[in-house]
Amino acid sequence: MKRAVYPGSFDPVTYGHLDVIRRSAELVDELIVGVLQNNHKNPLFSLEERVKILLEATKDMKNVRVASFDGLSIDFVRRNKAQFLVRGLRAITDFDYELQMAQTNRVLAPDVDTVFLTTSLEYAYLSSSTVKEVALYGGDISKFVPPVVADAIRRKLQKA
Ligand code: PNS
């Protein structure tokens, strides 16, 4: 059974993440999207909200599972008996951090390979932070995130 973990903050999931999820799910028998709990960043959405949104956004993807985790990504990969850790690369600016993380993880778990998928060009500029900023100032985010996310952001900002 080929299994991969795609870890991230997903605060919130964007079309860029979903592109990576869909394409990496085609490469393995099972893809587990791992939502990190103990993020240093101050998230807009709680862990439960991020998981719920991801479950909705991936409900048509049969071999995709969503789970939360705390601690090191590589430990989560190991606990789930996955052989691969997936990350998306948008631009050269991602490379430094991603390479460092992949190499550290490789030392921690030599039996796990990090697999990078280059984000599709149409989403190369996209990030969760940009989406949140556009939404905060009333911009249209429908080209960046699925309706379930746009609705959730709208509700969250109305409450704030
Ligand atoms: O979506 P993000 O915020 O770019 O994802 C970053 C993430 C969650 C993959 C990374 O911060 C991470 O793996 N954090 C958990 C702690 C860990 O394993 N750090 C890497 C050790 S080099």
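Please refer to the structure higher up on the page.
Just so it is clear, the structure is predicted and the values come from calculations on it, not from any experiment.

Asks: I'm lost on the sheet that holds strand S3 (residues 64-69) in this one. Help?
Replies: Strand pairing in a sheet is mediated by backbone hydrogen bonds. Such pairs are either parallel or antiparallel. Across the sheet, which stays open at both edges, the five strands sit in the order S3-S2-S1-S4-S5 with parallel pairing between neighbours. Whereas interior strands pair on both sides, the edge strands pair on one side only; in this sheet they are S3 and strand S5 (113-118). Sheet twist, expressed as the average angle between the axes of neighbouring strands with direction ignored, equals 30 degrees. Two elements, strand S4 (residues 84-89) and S5, share six bridges in a ladder whose sense is parallel. Following the sheet pairing, Arg-87 is matched in S5 by Phe-116. Running at roughly 155 degrees to strand S2 (residues 30-36), helix H2 (residues 47-57) makes contact with S2 and S3 of the sheet.

Asks: Would you mind showing me how to read the site of the ligand here?
Replies: Taken together, Pro-7, Gly-8, Ser-9, Leu-36, Lys-41, Gly-71, Leu-72, Ser-73, Arg-87, Tyr-97, Met-101 and Thr-104 form the complete shell of residues around the ligand. Ser-73 places a side-chain nitrogen or oxygen 2.5 Å from an oxygen atom of the ligand. Arg-87 places a polar side-chain atom, nitrogen or oxygen, 3.0 Å from an oxygen atom of the ligand. For the ligand, whose unbound accessible area comes to 540 Å², protein coverage reaches 76%. More than half of the atoms of the ligand fall within 2 Å of the grid points belonging to the largest pocket. Listing elements by their share of the shell around the ligand, those giving two or more residues are strand S1 (3-8) and helix H4 (92-108). The element contributing the most residues to the shell around the ligand is H4, with three residues. By residue class, the composition of the shell around the ligand is five nonpolar, five polar and two charged.

Asks: It is not clear to me how H4 should be interpreted in this structure. Could you clarify?
Replies: Given 3.6 residues to a turn, an α-helix orients residues that are three or four positions apart in the same direction. Taking 1.5 Å as the rise per residue, H4 with 17 residues should run 24 Å; its terminal C-alpha atoms sit 25 Å apart, in good agreement. Along H4, the sharpest change in direction is near 25 degrees and occurs at Glu-98. Those residues of H4 hidden inside the fold are in contact with helix H3 (73-79), S4 and S5.

Asks: Would you mind going over the environment of Leu-89 with me for this structure?
Replies: Topologically, Leu-89 is positioned in strand S4. In the structure, Leu-89 is positioned 27 residues away from Phe-116 in sequence and 6.4 Å away in space, judged by C-alpha atoms. Apart from residues lying up to four places away in sequence, Leu-89 is in contact with Asp-94, Phe-95, Glu-98, Phe-116, Leu-117, Thr-118 and Thr-119.

About the thresholds
Residues numbered from 1 in each chain as written. Predicted model: local features only at pLDDT ≥ 70, side-chain atom pairs only at ≥ 80, totals over all residues. Heavy atoms only, no water. Pairing = 2+ DSSP bridges. Helix = DSSP H or I, 4+ residues; strand = E, 2+ residues; numbered from the N terminus. Axes fitted to C-alpha atoms, helices over the stretch in contact; angles between N-to-C directions. Contact = heavy atoms within 4.5 Å. Near = heavy atom within 4 Å. Polar contact = N/O pair within 3.5 Å; in protein donor to acceptor, adjacent residues only side chain to side chain. Areas by Shrake-Rupley, 256 points an atom, 1.4 Å probe, with all protein chains shown as cover. 1 Å grid on protein atoms, 1.4 Å probe; cavity = no way out; pocket = protein on both sides within 12 Å on 5 of 7 lines; lining within 4 Å. Sits in = over half its atoms within 2 Å of the grid points. Nonpolar A, V, L, I, M, F, W, Y, C, P; charged D, E, K, R; others polar. Expected span 1.5 Å × (residues − 1). Bend = angle between axes of the 7 residues up to and from the residue.

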